[in-house]
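# Observations on the three-dimensional arrangement
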Amino acid sequence: MTTTLITGGIVVSATGRVPADVLIDGERIVAVLAPGSVLLGSDLAASVDTVLDATGKYVIPGGIDAHTHMELPFGGTAASDTFETGTRAAAWGGTTTIIDFAVQRTGERIQDGLAEWHRKAAGNCAIDYGFHQIIGGVDHDALAAMPGLIDEGITSFKLFMAYPGVFYSDDAQILKAMQVSRDTGLLTMMHAENGPVIDVLAEQLYAEGKTDPYFHGIARAWQMEEEATHRAIMLANLTGAPLYVVHVSAKQAVEQLAWARDRGQNAFGETCPQYLYLSLEDQLGASSEEWGRFEGAKWVCSTPLRSRAEGHQDSMWQALRTNDLQMVSTDHCPFCMKDQKELGLGDFRKIPNGIGSVEHRMDLMYQGVVTGELTLERWVELTSTTPARMFGLYGQKGVIAPGADADIVIYDPNGHTSIGVNESHHMNMDHSAWEGFEIDGHVDTVLSRGRVIVDGGVYHGSAGHGRYVKRSLSQYLI
């Protein structure tokens with residue numbers, strides 16, 4: 001096995017930063033040493049195969065994006081990133097592990113859906129990957145199959161309070177699934193929006209001739225996110241199930257989660273970069289020469305972008321500082337404008353829901369450090385350490401410590417990254433949701449299990465390097 005020494009850098013963890021050298025043997029970290037330490041020899045650099053100079057740079061655990069949708073069928077099409085293209089883009093941006101969603105729909109077997117996702121991913125991933133299980137058809141067979149997911153290394157499942165006729169679960173189905181969650185320790189993940197009401201509002205807007213992408217955000221009103229979040233919390237409280245609410249975008253939904261946590265409930269939430277930076281007015285309401293008022297389709301996602309005038313974005317940043325939200329994932333679900341998003345020309349209800357961000361999450365969150373929204377340590381905690389703890393990977397992932405996988409990013413705070421389709425863009429999309437964003441930092445080097453896969457603007461990774469990672473039960477519960 002090869003040995004690698006990272007020297008001269010500042011190792012940043014969720015709890016602090018310290019000058020240190022990191023020694024890697026094969027795929028694992030074997031030592032974190034004070035600079036100049038002779039504990040392992042007087043000239044350690046001369047005894048290893050490779051030395052990486054991180055002088056003036058941060059050395060951080062590789063990012064973990066715990067919410068992606070590669071190749072997801074949706075709205076008559078499928079997410080444009082394959083596991084190969086999507087994980088390669090993730091690697092470029094300093095993410096070294098993703099957790100994607102295997103899909104089961106009404107009338108299908110959980111085991112068959114999981115097997116299909118293994119087939120899609122196996123041999124194609126540039127970085128390590130795990131799965132959550134979407135349960136879109138909560139019936140007797142699905143409930144019976146759920147405990148067996150743990151043996152497969154899948155310790156979380158996702159339900160939808162939205163999308164009637166596609167993934168939707170009613171309250172009775174949610175109750176039954178949460179009872180399994182309570183009994184097994186499986187973590188319930190919830191898409192919390194009141195889907196039936198949203199569908200009525202969307203139909204009414206369409207009938208009034210309000211068909212542009214902007215009205216996607218109007219139909220999916222924040223009240224329906226707050227209401228569904230509260231309902232999910234109460235069902236979890238009743239059953240004793242741990243709850244994790246995905247892609248929180250409304251400040252009122254955060255208030256519900258904070259209320260539940262203040263009472264000692266295992267109720268957690270994530271937000272995404274789009275809810276920190278983008279808005280109903282600026283993006284969903286955008287217009288261009290090429291697309292006219294359909295330009296906003298680039299940013300159609302669910303939950304939707306919220307009004308900047310109502311202060312949702314500022315509230316999301318605050319919630320990340322106060323730990324009322326615990327993580328930042330991307331909900332990466334990319335679609336091209338041509339032949340995909342344009343399926344909704346003239347009817348916002350038919351626009352495939354999703355934004356591509358897996359390549360840019362680490363940079364976008366680092367910019368929050370630059371602007372004073374987050375500390376350096378909180379950046380690492382939100383993007384790596386807590387995802388590892390929340391989803392049963394900590395110790396193997398999410399930390400720079402002896403015994404952990406050598407998933408490491410060398411990040412240059414004095415570098416610069418310009419985002420755009422002609423700049424840094426490796427996702428399989430014909431546009432960037434982050435066009436024109438400038439980042440005061442740069443991902444210089446990325447290691448996945450000890451192998452350098454990105455360095456100096458050159459990609460060294462390969463499909464098939466990434467391995468499926470079995471997860472244990474959540475390590476974050478109170």
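For the structure given in this document, a descriptive report is provided here. Just so you know, these numbers come straight off a predicted model, no measurement behind them.

## Looking at the overall build of the chain
Across its full length, the chain carries 14 helices and 23 strands. A globule of 478 residues ought to have a C-alpha radius of gyration of about 23 Å, and the chain, at 22 Å, matches this closely. Here the C-alpha coordinates of the chain stretch approximately 75 × 55 × 40 Å along the principal axes. Intrachain contacts of the chain at a sequence separation of at least 6 include 77% that bridge at least 24 residues. Working note: accessible area of the chain is about 16700 Å², and carbon and sulfur atoms make up 49% of it.

## Observations regarding the sheet that holds strand E6 (residues 50–53)
Here we have four strands laid out as an open sheet, ordered E5-E4-E1-E6, and mixed in their pairing. Looking at the sheet topology across the chains shown, the edges are occupied by strand E5 (28–33) and E6. Across the sheet, the mean angle from the axis of one strand to that of its neighbour is 20°, orientation sign disregarded. Where strand E1 (residues 3–7) lies against E6, four bridges are found, and the strand directions are parallel. Bridged to Thr-7 within E6 is Asp-53.

## What about unusual backbone geometry?
Residue Thr-303 follows Ser-302 across a cis peptide bond; omega there is 5°. Within the secondary structure layout, Thr-303 lies in the loop between helix H11 (280–284) and helix H12 (312–322). Its identity as a non-glycine residue notwithstanding, Asp-339 has a phi of 70°, on the positive side. Following the sequence through the fold, Asp-339 ends up in the loop between strand E17 (327–328) and helix H13 (361–370).

## Section: helix H14 (residues 376–390)
Its 15 residues place the ends of H14 20 Å apart at the C-alpha level, agreeing with the 21 Å of an ideal helix rising 1.5 Å per residue. The sharpest bend along H14 reaches about 45° and sits at Leu-382. Extensive coverage of H14 is indicated by the burial of 14 of its 15 residues. Downstream of H14 by a residue or two, Gly-392 has a phi angle that is positive, lying close to 70°.

## Topic: H13
When you tally the buried positions in H13, you get nine out of ten residues, the bulk of the element. Burial in H13 covers these residues: Arg-361, Met-362, Asp-363, Leu-364, Met-365, Tyr-366, Gln-367, Gly-368 and Val-369. Immediately beyond the C-terminal end of H13, within one or two residues, lies Gly-372, with a positive phi of roughly 90°.

## Things to note about the environment of Thr-330
Structurally, the position occupied by Thr-330 is in the loop between E17 and H13. Thr-330 gets classed as buried once you look at its relative accessible area, which sits at 0%. Distance in space between the C-alpha atoms of Thr-330 and Val-246 is 10.0 Å, their sequence separation being 84 residues. At a separation of 3.4 Å, a polar atom in the side chain of Thr-330 contacts the main-chain carbonyl oxygen of His-67. Polar side-chain contacts of Thr-330 include one of 3.0 Å to the backbone nitrogen of His-332.

## Brief notes about the sheet that holds strand E8 (residues 63–68)
Each strand in a sheet pairs with its neighbour through backbone hydrogen bonds, running either in the same direction (parallel) or in the opposite one (antiparallel). Overall, parallel pairing links the eight strands, which are arranged E8-E11-E12-E13-E14-E15-E16-E17 in an open sheet. Across the chains shown, the open sheet's two edge strands, defined by having one partner strand only, are E8 and E17. Bridge analysis of strand E13 (residues 156–160) against strand E14 (residues 187–191) gives five bridges, and the strand direction is parallel. Across the sheet, the residue bridging to Leu-159 is Met-190, located in E14. Along the sheet, H14 makes contact with E8, E14, strand E15 (243–245), strand E16 (267–271) and E17, crossing E8 at roughly 65°.

How each quantity is defined
- Along each chain, residues carry numbers from 1 onward, in the same order as the chain's sequence is written.
- For this predicted model, a pLDDT threshold of at least 70 governs which residues receive local features, and a threshold of 80 or more governs which side-chain atom pairs are given and counted, while totals over whole chains, interfaces and linings are taken from all residues.
- The basis for the side-chain values is all heavy atoms of the structure; hydrogens and waters are excluded.
- In DSSP terms, a helix is any run of H or I states spanning at least four residues, a strand is any run of E spanning at least two, and both are numbered starting from the N terminus.
- Throughout, the radius of gyration refers to the C-alpha atoms, and the reference size of a globule is 2.2 Å times the residue count to the power 0.38.
- Throughout, a contact is declared for two residues whenever any of their heavy atoms are within 4.5 Å.
- Accessible surface is estimated by sampling points in the Shrake-Rupley manner with a 1.4 Å probe; for residues, cover comes only from the protein chains shown.
- We call two strands paired when DSSP finds no fewer than two bridges between them.
- A fitted line through C-alpha atoms serves as each axis, taken over the contacting stretch for helices, and the angle formed by two N-to-C directions is quoted from 0 to 180°.
- In this scheme, a helix's expected span is set at 1.5 Å multiplied by one less than its residue total.
- In this analysis the local bend is the angle between axes fitted, respectively, to the seven residues ending at and the seven residues starting at the residue.
- Only protein chains enter the calculation, and the probe is 1.4 Å; a residue is then buried if its accessible area is under 20% of its type maximum, exposed if over 50%, and partly exposed in between.
- By the criterion applied in these results, polar contacts are pairs of N or O atoms within 3.5 Å in which, for protein atoms, one can donate a hydrogen and the other can accept it, and in which residues neighboring in sequence qualify only through two side-chain atoms.

Spatial relationships are all this shows, so hold off on functional conclusions.
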